[in-house]
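Residue-level structural notes
Below are the chains, spelled out letter by letter.
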Amino acid sequence: MKAIGYRQTGPIDRPDALVDIELDRPGLAGHDLLVEIAAVSVNPVDTKIRQRAEPEGADWKVLGWDASGRVLAVGSEVSRFKPGDEVFYAGALTRPGTNSEFHAVDERIVGRKPATLDHAQAAALPLTALTAWEMLFDRLDVRRPVPGAAHAVLIIGGAGGVGSIAIQLLKALTDLTVIATASRPETREWVRSLGADHVVNHRQPLAAQLRALGLGDPAFVFSTTATGQHLADVAELIAPQGRFGLIDDPDALDIRGFKRKSVSVHWEFMFTRSLFGTSDMSEQGRVLDEVARLADAGRIRSTLTQRVHPINADNLKQAHALQESGRACGKTVLEGF
């Protein structure tokens with residue numbers, strides 16, 4: 001089967017940073033689905049692993065943690081899907097990625113593709129939707145108010161993949177006021193189109209901008225990027241007993257500034273359930289099914305902003321370079337081999 005992989009870590013401008021290769025089709029274990037891949041999207045995790053994780057031995061490392069496609073075969077213990085079903089999912093770090101013609105994935109972390117979206121539109125959603133859902137509703141528990149706080153949430157990095165779907169989930173499923181950060185005219189317009197009630201500029205001090213809105217101190221802050229740069233501002237602007245969540249990897253995280261306000265800190269990693277085989281791993285399949293229902297009901301939309309054909313090394317290298325530039329808005333999706 002066709003696939004894209006690498007044998008040595010390094011910058012994306014290396015000729016061999018990503019290479020078109022041929023591999024055997026994967027075998028199936030009990031809960032596995034064999035999926036014919038129709039579309040994949042690119043996330044920060046792709047670029048981070050490409051830069052840091054060497055393949056084992058002489059094997060190729062295949063990236064990709066977002067996909068939409070069609071089930072071709074199922075393992076002996078599969079109960080939710082059958083051949084011919086259209087699915088979307090975010091995969092697992094412990095297995096080869098989705099940048100291949102065929103891919104094996106545990107059914108418990110798979111959802112049914114939204115019927116109203118094509119494969120490229122669907123492939124933009126799984127990893128970011130799961131990340132946003134788990135942070136908002138499992139970690140930050142935004143449906144539980146913070147006493148005395150403004151009924152509001154600040155999303156730092158609102159125009160990125162996670163921020164783009166987090167805004168929509170908040171507007172669809174809560175009555176919270178959503179404040180998103182964006183700095184360029186096109187990204188400010190993007191987050192407003194997704195439902196953000198207010199937009200502030202993350203290139204300027206955040207606390208002063210939040211005070212100027214006159215809403216009060218927000219109960220929740222969700223940082224998707226550049227957390228280290230904004231931590232002191234967050235400690236100043238968040239409400240006492242507020243809840244702060246992050247998903248990026250700052251070199252250091254000095255949270256002593258949160259102590260006097262008793263702010264709780266929550267780190268979200270979408271791969272935790274599959275990485276440790278937790279007893280609630282199937283929750284991710286359930287969440288993706290709910291995301292599909294919201295999409296089909298018109299309550300959220302795909303965050304796809306760039307569609308590229310075909311899925312090959314050259315196009316993936318360009319998508320990685322865009323992701324690393326820090327100027328990505330929404331999601332880049334590649335479709336068709």
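You'll find the structure just up there.
Here we summarise the structure given alongside this text. (Residues numbered from 1 in each chain as written. Predicted model: local features only at pLDDT ≥ 70, side-chain atom pairs only at ≥ 80, totals over all residues. Heavy atoms only, no water.)

**Brief notes about the overall build of the protein**
For clarity, the threshold we go by: A run of H or I in DSSP counts as a helix once it spans at least four residues, and a run of E counts as a strand once it spans at least two, with each numbered from the N terminus. Each radius of gyration is computed over the set of C-alpha atoms, and the globule rule expresses the reference value as 2.2 Å times the number of residues to the power 0.38. Only protein chains enter the accessibility calculation, which uses a 1.4 Å probe; a residue is then buried when its area is under 20% of its type maximum, exposed when over 50%, and partly exposed in between. Residue contacts are defined here by distance: any two heavy atoms, one from each residue, within 4.5 Å place the two residues in contact. Values of accessible area rely on a 1.4 Å probe in the Shrake-Rupley scheme; residue burial ignores everything except the protein chains shown. Charge counting treats Lys and Arg as positive and Asp and Glu as negative, with His and both chain ends excluded. Charged groups are reduced to one reference atom each: NZ for lysine, CZ for arginine, CG for aspartic acid, CD for glutamic acid.
Within the protein, the regular secondary structure consists of 10 helices and 16 strands. Relative to the 2.2 N^0.38 estimate, which gives 20 Å for 337 residues, the radius of gyration of the protein is 20 Å and therefore close to what a compact globule would have. The principal-axis extent of the C-alpha atoms belonging to the protein is close to 60 × 45 × 35 Å. Considering the protein as a whole, with its 337 residues, one finds that 55% of them fall into the buried category. Put simply, 71% of the contacts in the protein that link residues at least 6 apart link residues at least 24 apart. Surface accessibility of the protein: about 14100 Å² in total, with carbon and sulfur atoms responsible for 48%. Here the protein carries 38 positive and 42 negative side-chain charges, and the mean point of each set is 5 Å from the other.

**A short note on a nonpolar patch on the surface**
The test is simple: Each patch is built from residues that are more than 30% exposed by relative accessible area and take part in no salt bridge. Like charges join if they lie within 9 Å; nonpolar side chains (Val, Leu, Ile, Met, Phe, Trp, Tyr) join within 5 Å. Salt bridge, as used here, is a side-chain nitrogen of Lys or Arg placed within 4 Å of a carboxyl oxygen of Asp or Glu.
A contiguous nonpolar patch, built from Phe269, Leu275 and Phe276 and spanning about 320 Å² of accessible area, is present on the exposed surface. Among the secondary structure elements, Phe276 is positioned in helix α8 (residues 272–276).

**A word on the packing of aromatic side chains**
To keep it simple, the criterion reads: Stacked, tilted and edge-to-face pairs are distinguished by plane angle, under 30 degrees for stacked and over 60 for edge-to-face with tilted covering the rest, among Phe, Tyr and Trp rings (Trp via its six-membered ring) whose centres lie within 6.5 Å.
Overall, the coordinates contain four aromatic pairs when judged by the stated rule. Between Trp133 and Phe137, the ring centres sit 5.0 Å apart and the planes meet at 65°, which makes this aromatic pair edge-to-face. With Trp133 and Phe137 both in helix α3 (residues 126–139) and four residues apart, the pair spans about one turn of that helix. What makes Trp133 buried here is its relative accessible area of 6%. Note on Phe244 and Phe258: the rings are 5.3 Å apart at their centroids and 45° apart in plane angle, and the pair reads as tilted. With Phe244 in strand β13 (residues 243–246) and Phe258 in the loop between β13 and β14 (264–267), the pair connects residues that are 14 residues apart, well separated along the chain.

**So, the pairing of strand β16 (residues 331–335)**
Threshold: Each pair of strands is called paired provided DSSP finds at least two bridges between the two strands.
Within β16, four of the five residues are buried, which leaves it mostly tucked inside the rest of the structure. Where strand β3 (residues 32–41) meets β16, three bridges bridge the pair, whose relative direction is antiparallel. Across the sheet, Val40 pairs through a bridge with Leu334, a residue of β16. In terms of strand pairing, strand β15 (residues 304–308) meets β16 through four bridges, oriented parallel. Along β16, the bridge assignment pairs Arg307 with Val333.

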